[in-house]
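Now for the letters of each chain:
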Amino acid sequence: MAADPVIQLESVRKSYGEGAGKTQVLRGVSLSVPRGELIALVGQSGSGKSTLLNIVGGLDKAEGGTVRVLGLDYRAAREPELARLRNAKIGFVFQAFNLLDHLTCLGNVTLPASFARGAKDVDKRGMEALGRVGLGDYAARKPSELSGGQKQRVAIARALFNRPELLLCDEPTGNLDSATGHEVIEFFKELNQKDGVTLMIVTHERRMSTIAQRVITMRDGAIVEGDLAGDEHTGGPA
Ligand code: ADP
Ligand code: MG
């Protein structure tokens, strides 16, 4: 029997606003992402990609439909359970890096540990994460001293700190020049292929589609291309 998908969405709906100003942002999105898949999410600005990603990550709530991620049904889950899932099993990478400037790189990378009581070997694990993105020598620097590509690598190290099973990335190369963006893409590819991490990446980058097992296109709050429930899909590392 196949393992449960990492992400399972059924008829997910979301709107913003009230009355005449109400906008339907997600109009019944169904999607299944098996473990070990790297899925790229593309589509015009405003099509609902970030909203969908935030709902999958538990940062935003669906209005209707079913969201199951790593075995947790979000509608049935209590907030502490959701918070634990977000912190321990899901990593986030955003276009704007979202680093704290008053902390060192190591301080930023180990930030997830401050939400988990009794975390052990915090600095050692932080150094390992920085080493993985090639920034072992930058632990004591402040983000303001780094290039954009280096900042994004610190943000990725932070996302990897808790060894997440799922990495959610919202236009991770959007603020990078193309050479630096390609390095980040290569790193995601390695994470996916060597470590079996499941990735869902919102992107405008063509090259991302060469490392993705599946590219899904959204338009006006719906998936218009790239499969609905993933039933034919069997790829990805076991
Ligand atoms: P994308 O990431 O594809 O550009 P988004 O998911 O950010 O699209 O946005 C989809 C639609 O939802 C847009 O029309 C946007 O204006 C609207 N939207 C997103 N977030 C909010 C919010 N917090 N309040 C109101 N409208 C929002
Ligand atoms: Mg967006």
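About the cut-offs
- Residues numbered from 1 in each chain as written.
- Chains lettered and ligands numbered in written order.
- Predicted model: local features only at pLDDT ≥ 70, side-chain atom pairs only at ≥ 80, totals over all residues.
- Heavy atoms only, no water.
- Core = buried A, V, L, I, M, F, W, Y, C linked by side-chain atoms within 4.5 Å.
- Buried < 20%, exposed > 50% of the residue type's maximum accessible area, 1.4 Å probe, protein only.
- Helix = DSSP H or I, 4+ residues; strand = E, 2+ residues; numbered from the N terminus.
- Contact = heavy atoms within 4.5 Å.
- Salt bridge = Lys/Arg side-chain N within 4 Å of Asp/Glu carboxyl O.
- Pairing = 2+ DSSP bridges.
- Axes fitted to C-alpha atoms, helices over the stretch in contact; angles between N-to-C directions.
- Near = heavy atom within 4 Å.
- Polar contact = N/O pair within 3.5 Å; in protein donor to acceptor, adjacent residues only side chain to side chain.
- Areas by Shrake-Rupley, 256 points an atom, 1.4 Å probe, with all protein chains shown as cover.
- Nonpolar A, V, L, I, M, F, W, Y, C, P; charged D, E, K, R; others polar.

Colleague: Please explain the nonpolar core as it appears in this structure.
Modeller: General note: in soluble globular proteins, nonpolar side chains tend to be found buried as a group. Within the largest apolar cluster, 36 residues are counted, with the highest numbers of intra-cluster contacts made by Leu130, Val154, Ile156, Leu167 and Phe188. Of all the secondary structure elements, the ones that give two or more residues to this core are strand E3 (38-42), helix H3 (105-109), helix H4 (122-132), helix H5 (148-160), strand E7 (166-170), helix H6 (178-195), strand E8 (198-202) and helix H7 (208-211). Counting residues per element, this core draws most heavily on H5, which supplies six residues. Among all residues touching Leu130, those that are not within four sequence positions of it are Cys105, Leu106, Val109, Leu135, Gly136, Ala139, Val154 and Ala157.

Colleague: In this structure, what is going on with the pattern of salt bridges? I would like to understand it.
Modeller: It is possible for side chains bearing opposite charge to pair when their charged atoms get close. Scanning the entire structure with this criterion turns up eight salt bridges. When salt bridges that share partners are traced, they join Lys124, Glu128 and Arg163 into one network.

Colleague: Help me out: how do you make sense of the environment of Gly181 in this one?
Modeller: Positionally, Gly181 belongs in helix H6. Considering only alpha carbons, one finds Gly181 and Met208, 27 residues apart in sequence, at a separation of 9.8 Å.

Colleague: I'm lost on the sheet that holds strand E2 (residues 23-33) in this one. Help?
Modeller: By definition, the strands of a sheet pair up through backbone hydrogen bonds, in either a parallel or an antiparallel sense. The strand order E2-E1-E4-E5 describes an open sheet built from four strands, whose pairing is antiparallel. The sheet is open, and its two edges are formed by E2 and strand E5 (72-73), each paired on a single side. Strand direction decides the pairing type here: strand E1 (residues 7-16) and strand E4 (residues 64-69), joined by five bridges, are antiparallel. Within E4, the residue paired with Ile7 across the bridge is Val69. Contacts from helix H1 (residues 49-56) reach E1, E2 and E4, with the element oriented near 125 degrees to E1.

Colleague: Looking at this structure, how should I read the site of ligand 1?
Modeller: Surveying the vicinity of ligand 1 reveals the residues Tyr16, Val25, Gln44, Ser45, Gly46, Ser47, Gly48, Lys49, Ser50 and Thr51. One nitrogen or oxygen atom from the main chain of Gly46 is found 2.7 Å from an oxygen atom belonging to ligand 1. Within the side chain of Thr51, one N or O atom sits 2.5 Å away from an oxygen atom of ligand 1. Protein chains bury 57% of the 560 Å² of accessible surface belonging to ligand 1 in isolation. Among the elements that take part in the shell around ligand 1, H1 stands out by supplying three residues, more than any other. The residue inventory of the shell around ligand 1, partitioned by class, reads two nonpolar, seven polar and one charged.

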